[in-house]
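# Coordinates in review
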Amino acid sequence: MEDFRVRAKQYFNSGRYPQAFQQARLGLQIDDEDGGLNLIAGRSLVMQRELTQVSHALPYLKLAQEELDNYKADYSLGEFHFRYGSMLFSYAQREKQSLLQFPDADAKAQKAKLSECDIRVEKAEVHFEDALALFNTVLETVPNDLQTLEKRGQTLALLGRDKEATVDLERAIDSLYESRQYKNRVLATDSNLTVQQEDRVRRDLDGDINREIAIRFLLAGLLKRTKDIRAEEAQYTTILELDPNTEVAYHSRGLCRYELGRLAEASADMHAFVGRTALEFDASQVQQAMRIIEEYATLQGE
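Anyway, here's the lowdown on the structure attached to this text. (Residues numbered from 1 in each chain as written. Predicted model: local features only at pLDDT ≥ 70, side-chain atom pairs only at ≥ 80, totals over all residues. Heavy atoms only, no water.)

## Topic: helix α13 (residues 263-276)
With 14 residues, α13 should reach 20 Å at 1.5 Å per residue; the first-to-last C-alpha distance of 20 Å fits that figure. Where α13 is concerned, the buried positions are L263, A266, S267, D269, M270, A272 and F273. Where the residues of α13 are buried, they touch α12 (247-259) and α14 (284-299). (Helix = DSSP H or I, 4+ residues; strand = E, 2+ residues; numbered from the N terminus. Expected span 1.5 Å × (residues − 1). Buried < 20%, exposed > 50% of the residue type's maximum accessible area, 1.4 Å probe, protein only. Contact = heavy atoms within 4.5 Å.)

## Describing the environment of L187
Its place among the elements puts L187 in helix α9 (residues 162-189). Sequence separation of L187 and R202 is 15 residues, and the distance between their C-alpha atoms is 8.1 Å. Among residues more than four places away in sequence, those in contact with L187 are L193, E198, V201, R202 and L205.

## Notes on unusual backbone geometry
Residues other than glycine seldom take positive phi values, yet R49 does so here, at roughly 55°. For R49, a relative accessible area of 49% gives the class partly exposed. The phi angle at D69 is positive, at roughly 50°, despite the residue not being glycine. Here D69 lies in the loop between α5 (58-68) and α6 (71-101). For D69, a relative accessible area of 67% translates into the label exposed.

## Section: helix α7 (residues 107-141)
Because an α-helix packs 3.6 residues into every turn, residues spaced three or four apart end up facing the same way. Here α7 spans 52 Å end to end across 35 residues, near enough to the 51 Å set by a 1.5 Å rise per residue. Its buried side turned inward, α7 meets α5, α6 and α8 (146-158). For α7, the N-terminal capping position is held by D106, with its side-chain oxygen 2.9 Å away from the main-chain nitrogen of K108. (Polar contact = N/O pair within 3.5 Å; in protein donor to acceptor, adjacent residues only side chain to side chain.)

## Brief notes about the packing of aromatic side chains
This structure, assessed with the given rule, holds 6 aromatic pairs. With centroids separated by 5.8 Å and ring planes inclined at 40°, the aromatic side chains of Y75 and F135 adopt a geometry described as tilted. Residue Y75 is found in helix α6, and its partner F135 is found in helix α7; the two are separated by 60 residues along the sequence. Measuring from ring centre to ring centre gives 6.1 Å for F217 and Y236, while their planes differ by 50°; the resulting arrangement is tilted. With F217 in helix α10 (residues 195-225) and Y236 in helix α11 (residues 229-242), the pair connects residues that are 19 residues apart, well separated along the chain. (Phe/Tyr/Trp six-rings, centres within 6.5 Å; stacked < 30°, edge-to-face > 60°.)

## Things to note about the nonpolar core
Residues A24, A57, L61 and F80 are the most contacted members of the largest nonpolar core, which totals 22 residues. Elements with a contribution of two residues or more to this core: α2 (17-28), α3 (35-47), α5, α6 and α7. Residue contributions to this core peak at 6 residues, all from α3. Residues contacting A24, with those up to four places away along its chain left out, are A8, L37, I40 and A41. Listed in part, the 21 residues of the second largest apolar core include A220, L263, A272 and I292. (Core = buried A, V, L, I, M, F, W, Y, C linked by side-chain atoms within 4.5 Å.)

Here it is as structure tokens:
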């Protein structure tokens with residue numbers, strides 16, 4: 001059984017989740033209550049991020065939580081509820097938007113379909129509440145766990161609890177900042193690093209940056225909901241300081257600056273966006289950018 005455990009971990013750590021699940025399942029045929037193998041099996045299904053696969057993860061993760069009784073099992077079960085709830089929520093939102101845009105000719109059928117969407121949203125919210133309870137439990141044990149802070153912040157945002165979400169997401173950013181500072185010090189001062197070790201530290205550093213960018217985009221989205229345009233703009237500016245090639249941040253910041261009446265800066269951002277994007281010229285974002293550029297050019301008499 002240990003061979004199956006080792007291979008399952010290797011496959012999981014290399015991102016080969018279907019193979020990890022297969023090895024874990026083979027081990028569970030020997031002992032179906034093994035907590036570690038149930039944890040790998042469940043997490044492997046969750047990481048495949050496909051609705052059917054994620055839905056099958058629940059029994060494995062519940063058993064892992066019972067058997068292991070540790071914060072990692074609590075986090076993994078919370079992650080299941082977060083991901084499954086997010087999938088249900090996204091599907092319901094897309095379906096509702098489609099129904100409103102292209103309504104069913106039969107009024108009763110239209111009403112029934114919209115009702116199904118509302119039921120899915122309610123189910124998603126139940127999963128979010130379950131995820132929140134589990135993330136709270138994890139943070140009682142490890143108060144500054146980055147993954148859990150990030151996931152709890154995202155969960156709170158999905159529940160519309162924006163102020164609480166912001167607190168968690170900003171704490172996650174603080175943690176990432178400290179991590180980056182440490183890695184930069186290692187790169188600057190540790191002369192004993194091998195080439196391979198240095199490459200690994202640089203990859204981890206890039207991972208921290210990408211993670212912070214994702215969190216700041218979420219914070220910007222929360223600020224958009226409260227119409228705090230200046231604070232939203234500041235998030236995009238920080239994102240571009242972290243990675244000047246984040247094209248969508250130029251577009252989003254350009255829109256903020258346009259709303260604030262700073263047309264020259266908005267036009268400059270849209271130029272930067274258009275020059276970097278791989279979108280076709282007739283894409284809505286590109287056309288929106290071109291309208292702002294043209295408006296500024298007209299005012300300048302160009």
